[in-house]
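A closer look at the structure
Chain residues, written in single-letter form:
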Amino acid sequence: MTALLYGRCLRSVVVREGLRFVHQRERFFAALVRPLVWLALFAVGFRAVLGLSIIPPYETYILYEEYVVPGLVGMIQLFNGMQSSLSMVYDREMGSMKTLLVSPLPRWYLLVCKLLAGVMVSIVQAYVFIAVAWFWDVQPPPLGYLAVFPALVASGLMLGALGLLLSSFIKQLENFAGVMNFVIFPMFFASTALYPLWRIREGSPGLAWVAELNPFTHAVELIRFALYLRFDATALLAVLAALVVFLGGAIAAYDPGRGFWARRGGPAEQA
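Since we're looking at a predicted model, the values are computed, not measured.

1. Some words on the overall build of the protein
For the protein, the helix and strand inventory stands at 11 helices and 0 strands. The linear arrangement of helices and strands in the protein, starting from the amino end, is α-α-α-α-α-α-α-α-α-α-α. Within the protein, buried positions represent 48% of all 271 residues. Of the contacts formed within the protein by residues at least 6 apart in sequence, a portion of 77% connects residues at least 24 apart. Carbon and sulfur atoms provide 69% of the accessible area of the protein, an area that totals close to 13100 Å².

So this is what it looks like as structure tokens:
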């Protein structure tokens, strides 16, 4: 099995995901509307009631809009990861993943190709939002736009792997909305995306403990520090560890025919 075959597979999956993204323009705008609502509406109100002290990676006092942008970038990647989960459930229901798995390529590689394709889409969406945030005077150092790319790749892979893992548990499209709400909103609100950790700790030490354990918190902080030319080793290690766990679980659990559990009871059989 040659490297050329592996490369063709990756290219095909990426092109398919790209074409799906291009033909679903509402998906692109929906990905931007959510964070823009927070930035344009909620941030105005929070600015008046939520003071921010000088905390790393910032070297001076900042407006709330500047603090919240990295968290909203993380929101884009989180929702995109869940969108990838929906896509996997749809592909399994329609049988396209079964067709893909007929190829001699290993299953883990096919899942990784799907993950990489989704991450590329989320990075495009993230950069568009960062560019739009410039009009709210959120202007990180010019090199920050380049330095944040590896952070977006790492966080996108981790959140996309979470989506792949969830797709192993979801049997039908009808169950997706409930699972999405159960995962996305606790991860987003119990993190430092909207409030700094010290502020959360003042209000609820228990919630602060949850936020510290939340992998989404570390994804947001990795993006935040990279955007301002700083490196957070703890966040990177946490994101990579979560990536290994989520992707390993997805590879071990994914059954293109039945999901994690068989439809007729008992553990899923091999496809």
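2. Quick notes on the environment of Ala40
Within the secondary structure, Ala40 sits in helix α2 (residues 25–49). Ala40 sits 96 residues away from Trp136 along the chain, and the two C-alpha atoms are 8.3 Å apart.

3. With respect to the confidence of the model for the protein
On average, residues of the protein carry a pLDDT of 79, and 75% of them reach 70 or more. The least confident element of the protein is helix α4 (residues 96–100), whose mean pLDDT is 62; the most confident is helix α10 (residues 215–227), at 95. A low-confidence stretch, residues 257–271 (pLDDT under 50), is modelled with 31 contacts involving residues beyond four sequence positions or located in other chains.

4. Observations concerning a nonpolar patch on the surface
Nonpolar side chains collect at one region of the surface, where Phe29, Val33, Val37, Leu41 and Phe42 lie side by side and expose about 470 Å² of accessible area between them. Mapped onto the elements of the fold, Phe29 is located in helix α2.

5. With respect to the nonpolar core
Leu72, Val73, Leu78, Phe129, Met158, Phe188 and Phe216 are the most contacted members of the largest nonpolar core, which totals 60 residues. Counting residues per element, the ones that place at least two in this core are α2, α3 (64–94), α5 (107–133), α6 (144–169), α7 (176–189), α10 and α11 (233–253). No other element matches the 12 residues that α6 contributes to this core. Other than its neighbours up to four places away in sequence, Phe188 contacts Trp38, Gly71, Leu72, Met75, Leu78, Ala193, Leu194 and Phe216. If you look at the next biggest cluster of nonpolar residues, it comprises 6 residues, including Val13, Tyr109, Cys113 and Ala117.

6. Quick notes on the environment of Met82
Among the secondary structure elements, Met82 is positioned in helix α3. With 77 residues separating them along the chain, Met82 and Leu159 place their C-alpha atoms 8.1 Å apart.

7. Describing the packing of aromatic side chains
The full count for this structure, using the stated rule, is 8 aromatic pairs. For the pair Phe188 and Phe189, a centre-to-centre distance of 5.2 Å together with 75 degrees between the ring planes defines the contact as edge-to-face. Using a relative accessible area of 37% as the deciding quantity, one classes Phe189 as partly exposed. Where Phe188 meets Phe216, the ring centres are 6.1 Å apart and the plane angle is 55 degrees; that geometry is what we call tilted. Remark: Phe216 occurs in helix α10 and Phe188 occurs in helix α7; sequence separation between them is 28 residues. Accessibility classification places Phe188 together with Phe216 in one group, the buried group. Counting every residue linked through ring pairs, the aromatic cluster contains Trp38, Phe185, Phe188, Phe189 and Phe216. Over the ring of Phe79 we find Arg34; its NZ or CZ atom is 3.9 Å from the centre of that ring. Its end group placed over the ring of Tyr67, Arg224 keeps NZ or CZ at 4.0 Å from the ring centre.

8. Overview of α10
In this model, α10 (13 residues) spans 19 Å end to end at C-alpha, consistent with the 18 Å of a helix rising 1.5 Å per residue. With 12 of its 13 residues buried, α10 lies for the most part within the structure. Burial in α10 covers these residues: Phe216, Thr217, His218, Ala219, Val220, Glu221, Leu222, Ile223, Arg224, Phe225, Ala226 and Leu227. Two or three places before Phe216, at the opening of α10, Asn214 has a side-chain oxygen 3.0 Å from that residue's backbone nitrogen. Trailing α10 by a residue or two, Leu229 shows a phi angle of about 60 degrees, which is positive.

Conventions adopted
Residues numbered from 1 in each chain as written. Predicted model: local features only at pLDDT ≥ 70, side-chain atom pairs only at ≥ 80, totals over all residues. Heavy atoms only, no water. Helix = DSSP H or I, 4+ residues; strand = E, 2+ residues; numbered from the N terminus. Buried < 20%, exposed > 50% of the residue type's maximum accessible area, 1.4 Å probe, protein only. Contact = heavy atoms within 4.5 Å. Areas by Shrake-Rupley, 256 points an atom, 1.4 Å probe, with all protein chains shown as cover. pLDDT = per-residue confidence, 0-100. Patch = residues over 30% accessible without salt bridge, like charges linked within 9 Å, V, L, I, M, F, W, Y side chains within 5 Å. Salt bridge = Lys/Arg side-chain N within 4 Å of Asp/Glu carboxyl O. Core = buried A, V, L, I, M, F, W, Y, C linked by side-chain atoms within 4.5 Å. Phe/Tyr/Trp six-rings, centres within 6.5 Å; stacked < 30°, edge-to-face > 60°. Lys NZ or Arg CZ within 6 Å of the ring centre and 35° of its normal. Expected span 1.5 Å × (residues − 1). Polar contact = N/O pair within 3.5 Å; in protein donor to acceptor, adjacent residues only side chain to side chain.

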